[in-house]
Amino acid sequence: MPPLLSADAGRCTGCGLCRTTCPHRIPGVGPDGVSRAEDAASSSCILCGHCAAVCPTGALVHRDLGPGEPERAAAPPAPGAVAEWLRARRSMRAYRPEPLSREEVARLLEGARHAPTGHNTRSLGCVAVLGEALRDRLRDELVAFYRRIFRVVRRPLGRAVLSLVLGRGRVRELEGALPGMARAEARLARGEDPLFHGAPAVLLFHAPDSETAEADCAGAATHVALLAPSLGLGTCHIGYASAALRRRAGLARRFGVPEGHRVYAVLAAGRPALAYPRVPPRPALGLRFL
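Residues numbered from 1 in each chain as written. Predicted model: local features only at pLDDT ≥ 70, side-chain atom pairs only at ≥ 80, totals over all residues. Heavy atoms only, no water.

1. Considering the pattern of salt bridges
Item 1. Scanning the model with the defined rule gives 20 salt bridges in all.
Item 2. We note a salt bridge from R96 to E98, for which the minimum N-O separation is 2.6 Å.
Item 3. The class of E98 is partly exposed, set by a relative accessible area of 27%.
Item 4. Note that D193 and R139 form a salt bridge whose closest N and O atoms lie 4.0 Å from each other. Note that D193 is positioned in the loop between helix 8 (178–189) and strand 6 (201–208) and R139 in helix 5 (residues 132–153), a separation of 54 residues in sequence. In this structure, D193 and R139 share a single accessibility class: buried. (Salt bridge = Lys/Arg side-chain N within 4 Å of Asp/Glu carboxyl O. Buried < 20%, exposed > 50% of the residue type's maximum accessible area, 1.4 Å probe, protein only. Helix = DSSP H or I, 4+ residues; strand = E, 2+ residues; numbered from the N terminus.)

2. Some thoughts on the packing of helix 4 (residues 102–113) against helix 9 (residues 213–227)
Item 1. Across the interface, helix 4 lies against helix 9 with an axial gap of 7 Å and an inter-helix angle of 130°. Classified by the angle their axes make, helix 4 and helix 9 are oblique. For the crossing formed where helix 4 meets helix 9, the hand is right-handed. Contacts between helix 4 and helix 9 involve R107, L108, L109, G111 and A112 from the first element and A220, H223, V224 and L227 from the second.
Item 2. Considered class by class, the residues forming the contact of helix 4 with helix 9 number 6 nonpolar, 2 polar and 1 charged. (Axes fitted to C-alpha atoms, helices over the stretch in contact; angles between N-to-C directions. Parallel < 35°, antiparallel > 145°, perpendicular 65-115°, else oblique. Left-handed = near helix turned anticlockwise from the far one by under 90°. Contact = heavy atoms within 4.5 Å. Nonpolar A, V, L, I, M, F, W, Y, C, P; charged D, E, K, R; others polar.)

3. Notes on the sheet that holds strand 8 (residues 261–270)
Item 1. Read from one edge to the other, the open sheet built from 4 strands follows the order 5-6-8-7, with strand pairing classed as antiparallel. Both outer strands of the open sheet, strand 5 (125–130) and strand 7 (234–237), are each paired with one neighbouring strand and no more. Between one strand and the next, the sheet's axes are offset by a mean angle of 30°, whatever the strand orientation.
Item 2. Two strands pair when backbone bridges link them, and strand 6 and strand 8 are joined in this way by 8 bridges, in the antiparallel orientation. By the bridge assignment for strand 8, F205 is matched with A265.
Item 3. Helix-sheet contacts for helix 4 involve strand 5, strand 6 and strand 8, and the interaxial angle to strand 6 is about 45°.
Item 4. The sheet strands contacting helix 10 (residues 239–247) are strand 6, strand 7 and strand 8, and the helix crosses strand 8 at an angle near 155°. (Pairing = 2+ DSSP bridges.)

4. Quick look at the state of the cysteines
Item 1. This structure, assessed with the given rule, holds 0 disulfides.
Item 2. With no disulfide of its own, C48 has C22 as its nearest cysteine by sulfur position, at a separation of 6.4 Å.
Item 3. Overall, the relative accessible area of 28% leaves C48 in the partly exposed class. (Disulfide = S-S within 2.5 Å.)

5. What to know about empty space enclosed by the protein
Item 1. According to the stated counting rule, one finds 2 cavities of 30 Å³ or more in the structure shown.
Item 2. A volume near 110 Å³ is recorded for the largest cavity.
Item 3. Lining the largest cavity are 16 residues, with C22, I26, C45, C51 and H62 sitting closest to its centre.
Item 4. Its residues assigned to classes, the lining of the largest cavity shows 12 nonpolar, 4 polar and no charged.
Item 5. In this structure, the second largest cavity occupies an estimated 80 Å³ of space.
Item 6. Partitioned by chemical class, the residues of the lining of the second largest cavity number 8 nonpolar, 5 polar and 1 charged. (1 Å grid on protein atoms, 1.4 Å probe; cavity = no way out; pocket = protein on both sides within 12 Å on 5 of 7 lines; lining within 4 Å. Points joined across faces, edges and corners; volume = space filled by probe spheres on them.)

6. Considerations on the nonpolar core
Item 1. Core analysis: the largest hydrophobic core is formed by 34 residues, its most contacted members being L138, L142, F196, L204, I238, L245 and V266.
Item 2. Listing elements by their share of this core, those giving two or more residues are strand 5, helix 5, helix 7 (168–176), strand 6, helix 10, helix 11 (249–254) and strand 8.
Item 3. Here this core gets 7 residues from one element, more than from any other, and that element is helix 5.
Item 4. Non-local contacts of V266, meaning those with residues more than four positions away in its chain, are made with F196, V202, L203, L204, C236, H237, I238, A241, S242 and L245.
Item 5. Listed in part, the 21 residues of the second largest apolar core include V105, A115, L203 and C217. (Core = buried A, V, L, I, M, F, W, Y, C linked by side-chain atoms within 4.5 Å.)

7. A closer look at helix 4
Item 1. Helix length check: helix 4, at 12 residues, gives a terminal C-alpha distance of 17 Å against a target of 16 Å (1.5 Å per residue), a fit within 8%.
Item 2. Listed as buried for helix 4 are V105, L108, L109, G111 and A112. One side of helix 4 carries all its buried residues, which in axial view fall inside an arc of 120°. Helix 4 presents E103, R107 and R113 as exposed residues on the side facing more than 90 degrees away from its buried surface.
Item 3. Packing partners of the buried residues in helix 4 comprise strand 5, strand 6, helix 9 and strand 8. (Expected span 1.5 Å × (residues − 1). Arc of directions from axis to C-beta.)

So this is what it looks like as C-alpha coordinates:
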(Lines give C-alpha, C1' and ligand atoms only; values in the text may rest on other atoms or scores of the structure.)
Protein backbone atom coordinates (compact mmCIF):
# COMPACT_ATOMS: atom_id res chain seq x y z
CA MET A 1 0.00 0.00 0.00
CA PRO A 2 1.38 3.46 -0.85
CA PRO A 3 2.09 5.91 1.98
CA LEU A 4 -0.65 8.26 3.19
CA LEU A 5 1.00 11.23 1.46
CA SER A 6 3.63 11.17 -1.24
CA ALA A 7 4.96 13.64 -3.74
CA ASP A 8 6.35 13.66 -7.24
CA ALA A 9 10.05 14.24 -6.65
CA GLY A 10 10.31 16.06 -9.95
CA ARG A 11 7.72 18.66 -8.91
CA CYS A 12 7.96 18.89 -5.09
CA THR A 13 10.03 21.89 -4.01
CA GLY A 14 10.10 21.01 -0.30
CA CYS A 15 8.43 24.34 0.52
CA GLY A 16 6.61 22.88 3.55
CA LEU A 17 3.27 24.57 2.80
CA CYS A 18 1.52 21.20 3.12
CA ARG A 19 2.73 20.92 6.70
CA THR A 20 1.84 24.52 7.52
CA THR A 21 -1.78 24.12 6.39
CA CYS A 22 -2.36 20.70 7.98
CA PRO A 23 -4.46 20.88 11.19
CA HIS A 24 -2.25 18.20 12.78
CA ARG A 25 1.02 19.03 11.01
CA ILE A 26 1.16 15.54 9.55
CA PRO A 27 3.24 16.05 6.37
CA GLY A 28 7.00 16.13 6.70
CA VAL A 29 9.97 16.48 4.39
CA GLY A 30 12.16 13.44 3.94
CA PRO A 31 15.94 13.42 3.65
CA ASP A 32 15.56 13.73 -0.10
CA GLY A 33 13.72 17.05 0.34
CA VAL A 34 10.38 15.60 -0.81
CA SER A 35 7.14 15.84 1.21
CA ARG A 36 5.65 12.66 2.61
CA ALA A 37 3.60 11.24 5.48
CA GLU A 38 3.60 7.65 6.62
CA ASP A 39 0.70 5.41 7.66
CA ALA A 40 1.40 5.99 11.35
CA ALA A 41 -0.13 9.45 10.95
CA SER A 42 -3.24 8.32 9.09
CA SER A 43 -5.43 8.07 12.22
CA SER A 44 -4.99 11.82 12.78
CA CYS A 45 -5.75 12.86 9.19
CA ILE A 46 -9.22 14.40 8.79
CA LEU A 47 -9.16 14.14 4.96
CA CYS A 48 -9.62 17.89 4.48
CA GLY A 49 -7.36 17.80 1.40
CA HIS A 50 -5.71 21.13 2.22
CA CYS A 51 -2.25 19.64 1.84
CA ALA A 52 -2.98 18.81 -1.81
CA ALA A 53 -4.91 22.03 -2.39
CA VAL A 54 -2.13 24.30 -1.15
CA CYS A 55 0.65 22.65 -3.19
CA PRO A 56 1.75 25.24 -5.79
CA THR A 57 3.10 22.61 -8.18
CA GLY A 58 0.39 19.93 -7.80
CA ALA A 59 3.03 17.46 -6.66
CA LEU A 60 1.17 15.86 -3.75
CA VAL A 61 -0.83 12.64 -3.88
CA HIS A 62 -3.03 11.77 -0.89
CA ARG A 63 -3.78 8.06 -0.85
CA ASP A 64 -7.25 8.37 0.73
CA LEU A 65 -8.66 11.35 -1.17
CA GLY A 66 -9.41 9.40 -4.34
CA PRO A 67 -7.75 9.13 -7.74
CA GLY A 68 -6.48 12.06 -9.77
CA GLU A 69 -5.01 15.43 -8.91
CA PRO A 70 -7.04 18.16 -7.21
CA GLU A 71 -8.74 20.48 -9.68
CA ARG A 72 -7.31 23.94 -10.13
CA ALA A 73 -9.24 26.40 -7.95
CA ALA A 74 -11.09 29.30 -9.53
CA ALA A 75 -9.78 32.80 -8.98
CA PRO A 76 -11.63 34.87 -6.35
CA PRO A 77 -14.50 36.97 -7.76
CA ALA A 78 -13.97 40.64 -8.47
CA PRO A 79 -14.03 42.94 -5.41
CA GLY A 80 -17.58 43.52 -4.27
CA ALA A 81 -19.10 40.81 -6.48
CA VAL A 82 -19.66 38.36 -3.63
CA ALA A 83 -21.11 41.08 -1.40
CA GLU A 84 -23.55 42.04 -4.16
CA TRP A 85 -24.52 38.40 -4.68
CA LEU A 86 -25.18 37.96 -0.97
CA ARG A 87 -27.24 41.15 -0.82
CA ALA A 88 -29.34 40.10 -3.81
CA ARG A 89 -30.22 36.64 -2.42
CA ARG A 90 -33.90 36.36 -1.49
CA SER A 91 -35.92 33.70 0.31
CA MET A 92 -38.35 32.44 -2.32
CA ARG A 93 -41.96 31.96 -1.20
CA ALA A 94 -43.61 31.70 -4.64
CA TYR A 95 -42.69 28.92 -7.08
CA ARG A 96 -43.67 27.88 -10.56
CA PRO A 97 -45.53 24.56 -10.51
CA GLU A 98 -43.30 22.50 -12.83
CA PRO A 99 -41.34 19.74 -11.02
CA LEU A 100 -37.57 19.53 -10.64
CA SER A 101 -35.84 16.50 -12.11
CA ARG A 102 -33.52 14.33 -10.04
CA GLU A 103 -30.65 15.59 -12.18
CA GLU A 104 -31.50 19.21 -11.37
CA VAL A 105 -31.69 18.47 -7.66
CA ALA A 106 -28.39 16.55 -7.75
CA ARG A 107 -26.71 19.51 -9.47
CA LEU A 108 -28.15 21.87 -6.88
CA LEU A 109 -26.88 19.70 -4.05
CA GLU A 110 -23.35 19.89 -5.45
CA GLY A 111 -23.30 23.15 -3.48
CA ALA A 112 -23.37 21.14 -0.24
CA ARG A 113 -20.37 18.91 -0.99
CA HIS A 114 -17.82 21.63 -0.34
CA ALA A 115 -19.50 23.25 2.66
CA PRO A 116 -17.41 23.16 5.86
CA THR A 117 -18.17 20.63 8.59
CA GLY A 118 -16.85 20.28 12.12
CA HIS A 119 -13.57 18.33 12.12
CA ASN A 120 -14.31 17.67 8.43
CA THR A 121 -16.57 14.78 9.43
CA ARG A 122 -18.73 15.14 6.27
CA SER A 123 -21.28 12.84 7.86
CA LEU A 124 -24.34 14.81 6.80
CA GLY A 125 -26.74 13.76 4.07
CA CYS A 126 -29.86 15.03 2.34
CA VAL A 127 -33.25 13.54 1.54
CA ALA A 128 -34.92 15.19 -1.47
CA VAL A 129 -38.72 15.02 -1.18
CA LEU A 130 -39.98 15.39 -4.75
CA GLY A 131 -43.51 15.66 -6.10
CA GLU A 132 -46.73 17.17 -4.82
CA ALA A 133 -48.09 14.05 -3.13
CA LEU A 134 -45.04 13.43 -0.91
CA ARG A 135 -44.56 17.13 -0.21
CA ASP A 136 -48.19 17.53 0.84
CA ARG A 137 -48.06 14.43 3.02
CA LEU A 138 -45.00 15.79 4.83
CA ARG A 139 -46.63 19.21 5.17
CA ASP A 140 -49.83 17.72 6.59
CA GLU A 141 -47.87 15.69 9.16
CA LEU A 142 -45.98 18.79 10.27
CA VAL A 143 -49.14 20.91 10.41
CA ALA A 144 -50.78 18.26 12.59
CA PHE A 145 -47.76 18.38 14.93
CA TYR A 146 -48.01 22.15 15.30
CA ARG A 147 -51.77 22.03 15.78
CA ARG A 148 -51.19 19.83 18.82
CA ILE A 149 -48.46 22.14 20.12
CA PHE A 150 -50.54 25.29 19.70
CA ARG A 151 -53.55 23.70 21.39
CA VAL A 152 -51.32 23.33 24.46
CA VAL A 153 -49.85 26.83 24.12
CA ARG A 154 -53.32 28.39 24.16
CA ARG A 155 -53.95 27.07 27.71
CA PRO A 156 -52.20 28.56 30.79
CA LEU A 157 -51.58 25.15 32.33
CA GLY A 158 -50.27 23.88 29.01
CA ARG A 159 -47.84 26.79 28.78
CA ALA A 160 -46.60 26.07 32.30
CA VAL A 161 -45.92 22.42 31.46
CA LEU A 162 -44.28 23.28 28.15
CA SER A 163 -42.01 25.78 29.90
CA LEU A 164 -40.55 22.91 31.92
CA VAL A 165 -39.81 20.99 28.73
CA LEU A 166 -38.84 23.70 26.24
CA GLY A 167 -37.96 26.64 28.47
CA ARG A 168 -39.93 29.81 29.05
CA GLY A 169 -38.25 31.68 26.21
CA ARG A 170 -39.29 29.10 23.64
CA VAL A 171 -42.87 29.08 24.95
CA ARG A 172 -43.02 32.89 24.67
CA GLU A 173 -41.88 32.50 21.08
CA LEU A 174 -44.69 30.03 20.42
CA GLU A 175 -47.19 32.39 22.05
CA GLY A 176 -46.04 35.12 19.70
CA ALA A 177 -46.59 32.77 16.76
CA LEU A 178 -50.28 32.18 17.54
CA PRO A 179 -51.57 34.93 15.18
CA GLY A 180 -49.35 33.55 12.41
CA MET A 181 -50.73 30.06 13.04
CA ALA A 182 -54.26 31.41 12.65
CA ARG A 183 -53.32 32.97 9.33
CA ALA A 184 -51.67 29.72 8.23
CA GLU A 185 -54.84 27.80 9.07
CA ALA A 186 -56.86 30.22 6.94
CA ARG A 187 -54.47 29.77 4.03
CA LEU A 188 -54.65 25.99 4.35
CA ALA A 189 -58.44 26.23 4.24
CA ARG A 190 -58.11 28.13 0.93
CA GLY A 191 -55.94 25.35 -0.51
CA GLU A 192 -52.64 27.25 -0.15
CA ASP A 193 -49.36 25.91 1.20
CA PRO A 194 -48.14 28.21 4.01
CA LEU A 195 -45.25 25.91 4.97
CA PHE A 196 -43.43 24.93 1.78
CA HIS A 197 -45.00 27.64 -0.43
CA GLY A 198 -45.85 25.13 -3.15
CA ALA A 199 -42.18 24.34 -3.86
CA PRO A 200 -41.78 21.17 -5.98
CA ALA A 201 -38.81 19.98 -3.89
CA VAL A 202 -38.17 19.90 -0.15
CA LEU A 203 -34.61 19.13 0.97
CA LEU A 204 -34.04 17.59 4.40
CA PHE A 205 -30.44 18.00 5.59
CA HIS A 206 -29.60 15.46 8.30
CA ALA A 207 -26.60 14.36 10.35
CA PRO A 208 -25.77 12.18 13.35
CA ASP A 209 -26.03 14.05 16.64
CA SER A 210 -22.83 15.92 17.46
CA GLU A 211 -21.67 19.29 18.77
CA THR A 212 -21.50 20.67 15.23
CA ALA A 213 -24.38 18.79 13.53
CA GLU A 214 -26.74 21.78 13.39
CA ALA A 215 -24.03 24.13 12.13
CA ASP A 216 -22.90 21.54 9.57
CA CYS A 217 -26.40 21.16 8.11
CA ALA A 218 -27.06 24.91 8.19
CA GLY A 219 -23.80 25.53 6.34
CA ALA A 220 -24.62 22.94 3.68
CA ALA A 221 -28.12 24.34 3.21
CA THR A 222 -26.75 27.87 2.92
CA HIS A 223 -24.24 26.80 0.26
CA VAL A 224 -27.13 25.28 -1.69
CA ALA A 225 -29.22 28.44 -1.28
CA LEU A 226 -26.36 30.58 -2.60
CA LEU A 227 -25.79 28.28 -5.59
CA ALA A 228 -29.48 28.03 -6.52
CA PRO A 229 -29.96 31.39 -8.36
CA SER A 230 -27.09 30.59 -10.72
CA LEU A 231 -29.07 27.49 -11.75
CA GLY A 232 -32.30 29.42 -12.25
CA LEU A 233 -33.71 28.15 -8.95
CA GLY A 234 -34.87 29.66 -5.68
CA THR A 235 -34.90 28.35 -2.11
CA CYS A 236 -36.29 29.16 1.32
CA HIS A 237 -35.13 27.93 4.72
CA ILE A 238 -38.14 26.34 6.46
CA GLY A 239 -37.31 26.64 10.15
CA TYR A 240 -40.63 25.35 11.42
CA ALA A 241 -40.13 22.14 9.44
CA SER A 242 -36.59 21.51 10.68
CA ALA A 243 -37.59 22.26 14.30
CA ALA A 244 -40.46 19.74 14.14
CA LEU A 245 -38.52 17.03 12.31
CA ARG A 246 -35.68 17.31 14.81
CA ARG A 247 -38.17 16.32 17.51
CA ARG A 248 -40.20 13.83 15.43
CA ALA A 249 -37.60 11.16 14.75
CA GLY A 250 -40.26 8.65 13.67
CA LEU A 251 -41.65 11.02 11.05
CA ALA A 252 -38.15 11.76 9.77
CA ARG A 253 -37.54 8.00 9.44
CA ARG A 254 -40.70 7.61 7.38
CA PHE A 255 -39.35 10.21 4.97
CA GLY A 256 -36.02 8.48 4.46
CA VAL A 257 -33.78 9.99 7.13
CA PRO A 258 -31.37 7.26 8.30
CA GLU A 259 -31.53 5.79 11.79
CA GLY A 260 -29.26 7.73 14.14
CA HIS A 261 -29.55 10.96 12.12
CA ARG A 262 -31.68 14.01 12.86
CA VAL A 263 -32.88 16.75 10.54
CA TYR A 264 -31.21 20.08 11.27
CA ALA A 265 -32.09 22.15 8.19
CA VAL A 266 -34.87 22.14 5.59
CA LEU A 267 -34.95 23.99 2.27
CA ALA A 268 -37.87 24.43 -0.11
CA ALA A 269 -36.59 24.62 -3.70
CA GLY A 270 -37.96 25.23 -7.17
CA ARG A 271 -38.18 27.69 -10.04
CA PRO A 272 -39.04 31.17 -8.79
CA ALA A 273 -42.41 32.61 -9.74
CA LEU A 274 -41.17 36.12 -8.89
CA ALA A 275 -38.13 38.27 -9.66
CA TYR A 276 -36.61 40.72 -7.19
CA PRO A 277 -34.92 43.58 -9.06
CA ARG A 278 -34.25 45.56 -5.87
CA VAL A 279 -32.40 44.98 -2.59
CA PRO A 280 -34.44 45.94 0.48
CA PRO A 281 -32.78 47.89 3.30
CA ARG A 282 -31.55 45.99 6.34
CA PRO A 283 -30.75 47.23 9.86
CA ALA A 284 -27.12 47.56 10.86
CA LEU A 285 -25.47 44.52 12.38
CA GLY A 286 -25.02 44.62 16.14
CA LEU A 287 -21.22 44.83 16.16
CA ARG A 288 -18.69 45.29 18.97
CA PHE A 289 -14.91 45.43 18.74
CA LEU A 290 -12.95 44.18 21.73
